[in-house]
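# Overview (structure and organization)
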Amino acid sequence: MANDTDVVEHDGDSSNAMVRFFQGLVVKVTEEGVGPITGSIPYAEARLSKVGPDERAPAVDADDESLRHQVSEEAIERVIDRLIKESVAASSTNGFVTGLGGFVTMPITVPANVAGALVINARLVGSVAYLRGYDISDPHVQTIVTLTTAGGTLGSALHGVGVKIGTKLTAQAIKAIPIAVIRKINARVGFMLLAKYGTHRSVLTLAKGIPIAGGLVGAGVDAALTALVGRAAKANFPAHI
């Protein structure tokens, strides 16, 4: 099985167009949302609103109305776990992804279930990054969000472009990654997305060994990938310490 930094070679303008589309869609989903799907911040804030009053505290900045600064770190981690569970469930529900229909104008033909899975996973990753205190409009963060949506880990990606890191990633270390390195990672990420979400996604590649049969294969593969993406998001966006 290929590792998460392998670059898949694709020929033709259609493959390049799909790469650009996928990368652009990830950013659009996290920042703005698409169609009926809200962006990552509103999605996260909606779940934070359900945190009980006993875990609330006044915001550090009186002008900051976001709930992220008004709940305990423990509550935030529970919200993150809830978002992952919700997203895995959504990925396994065919009605959710096929019901998106023409939710976004696509320059290329992308099956509804493929686009739906990408939207679910991108929104999840953006939400985890936001809840952990990252600015999802920052180019560094956007690259890592896109990498994570493809199921990749930042440690492997850095190793793949020749950068040595310590035994543990920190928020400070992520901020210190040179922009030249971020660009190298970004150049690889598009083809990682294509390998995971392209029309030729392979069950053997995405879910080898998962005991799913018959018509449940597609839903099972999407759910398995979302679970992987959720774990990668928690690893790639460590809490600020």
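The structure we're discussing is the one just above.
Residues numbered from 1 in each chain as written. Predicted model: local features only at pLDDT ≥ 70, side-chain atom pairs only at ≥ 80, totals over all residues. Heavy atoms only, no water.

### Concerning the environment of R82
Rule in force here: Strands are runs of DSSP state E lasting at least 2 residues, helices are runs of H or I lasting at least 4, and numbering of each runs from the N terminus. Residues count as neighbours in contact if any of their non-hydrogen atoms are within 4.5 Å of one another.
Relative to the helices and strands, R82 is located in helix α3 (residues 73-91). Measuring from C-alpha to C-alpha, the distance between R82 and R47 comes to 8.4 Å, with 35 residues separating the pair along the chain. The contact partners of R82, leaving out residues within four places of it in the chain, are R47 and K50.

### Some points on the pattern of salt bridges
Worth spelling out the cut-off: Within this document, salt bridges are pairs made up of a side-chain nitrogen of Lys or Arg and a carboxyl oxygen of Asp or Glu, the two lying within 4 Å of each other. Relative accessible area decides the class of each residue, using a 1.4 Å probe on protein chains only: under 20% of the type maximum gives buried, over 50% gives exposed, and in between gives partly exposed.
A full pass over the atoms with the stated rule returns five salt bridges. A salt bridge links E77 to R132; the nearest nitrogen and oxygen atoms lie 2.8 Å apart. Note that E77 is positioned in helix α3 and R132 in the loop between α5 (112-131) and α6 (139-149), a separation of 55 residues in sequence. What makes E77 partly exposed here is its relative accessible area of 23%. Ionic pairing is found between K234 and D81, a salt bridge with its closest N-O pair at 2.8 Å. Linking K234 in helix α11 (residues 217-236) with D81 in helix α3, this pair joins segments that are 153 residues apart in sequence. The class of D81 is partly exposed, set by a relative accessible area of 33%. Three or more residues joined by partner-sharing salt bridges are found here, namely R47, R82 and E86.

### Observations concerning the packing of aromatic side chains
The geometry of two aromatic rings is summed up by the distance between their centres and the angle between their planes. Test applied: Stacked, edge-to-face and tilted labels apply to pairs of Phe, Tyr and Trp rings (six-membered ring for Trp) whose centres lie within 6.5 Å, assigned for plane angles under 30 degrees, over 60, and everything in between, in that order.
Applying the stated criterion across every chain yields a total of two aromatic pairs. For the pair F21 and F22, a centre-to-centre distance of 5.7 Å together with 45 degrees between the ring planes defines the contact as tilted. Measuring from centroid to centroid gives 5.1 Å for Y134 and F237, while their planes differ by 70 degrees, and the two rings are edge-to-face. Remark: F237 occurs in the segment after α11 and Y134 occurs in the loop between α5 and α6; sequence separation between them is 103 residues. No difference in accessibility class separates Y134 from F237, as the two residues are buried.

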